[in-house]
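For reference, the chains in residue letters:
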Amino acid sequence: MFGINDSGIWLAYMLALACLFYSIWFGITHWNKDDKDSTNPQQPEK
């Protein structure tokens with residue numbers, strides 16, 4: 001399929017796609033998690 005006959009190449013592509021989808025999922029689920037106003041340096045002090 002697609003001119004790639006070696007199963008090792010397919011395994012590498014599938015692992016790369018799995019890492020891509022995991023990193024997208026992780027980024028979405030942990031977006032701004034534990035983000036406090038005191039740790040944001042651009043917020044003026046009160």
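This is a predicted model, so every value here is computed, not measured. (Residues numbered from 1 in each chain as written. Predicted model: local features only at pLDDT ≥ 70, side-chain atom pairs only at ≥ 80, totals over all residues. Heavy atoms only, no water.)

Go over the overall build of the protein with me, naming the residues and quoting the values.
Secondary structure summary: the protein contains 1 helix and 0 strands in total. Counting the 46 residues in the protein, one finds 0% classified as buried. Summed over its atoms, the accessible surface of the protein is roughly 4700 Å², and 63% of this surface lies on carbon and sulfur atoms. (Helix = DSSP H or I, 4+ residues; strand = E, 2+ residues; numbered from the N terminus. Buried < 20%, exposed > 50% of the residue type's maximum accessible area, 1.4 Å probe, protein only. Areas by Shrake-Rupley, 256 points an atom, 1.4 Å probe, with all protein chains shown as cover.)

Go over the packing of aromatic side chains, please, and point to the residues and values.
One pass over the structure, following the stated rule, counts 2 aromatic pairs. Summarising the aromatic geometry, the rings of Tyr 22 and Trp 25 are spaced 5.6 Å apart at their centres and angled 35 degrees between planes, so their arrangement reads as tilted. Residue Tyr 22 and its partner Trp 25 are both found in helix H1 (residues 7-29); the two are separated by 3 residues, about one turn of the helix. Trp 25 gets classed as partly exposed once you look at its relative accessible area, which sits at 46%. Both rings, one in Tyr 22 and one in Phe 26, keep their centres 6.0 Å apart while their planes meet at 35 degrees; by these two values the pair is tilted. Placement of the pair is Tyr 22 and Phe 26 together in helix H1, with a separation of 4 residues, close to one helical turn. Members of the aromatic cluster, connected to one another through ring pairs, are Tyr 22, Trp 25 and Phe 26. (Phe/Tyr/Trp six-rings, centres within 6.5 Å; stacked < 30°, edge-to-face > 60°.)

Would you mind going over a nonpolar patch on the surface in detail, with residue names and values included?
Side chains of Ile 9, Tyr 13, Met 14, Leu 17, Leu 20, Phe 21, Ile 24 and Ile 28 sit close together on the surface and give an oily, nonpolar patch of about 790 Å² of accessible area. Along the polypeptide, Met 14 turns up in helix H1. (Patch = residues over 30% accessible without salt bridge, like charges linked within 9 Å, V, L, I, M, F, W, Y side chains within 5 Å. Salt bridge = Lys/Arg side-chain N within 4 Å of Asp/Glu carboxyl O.)

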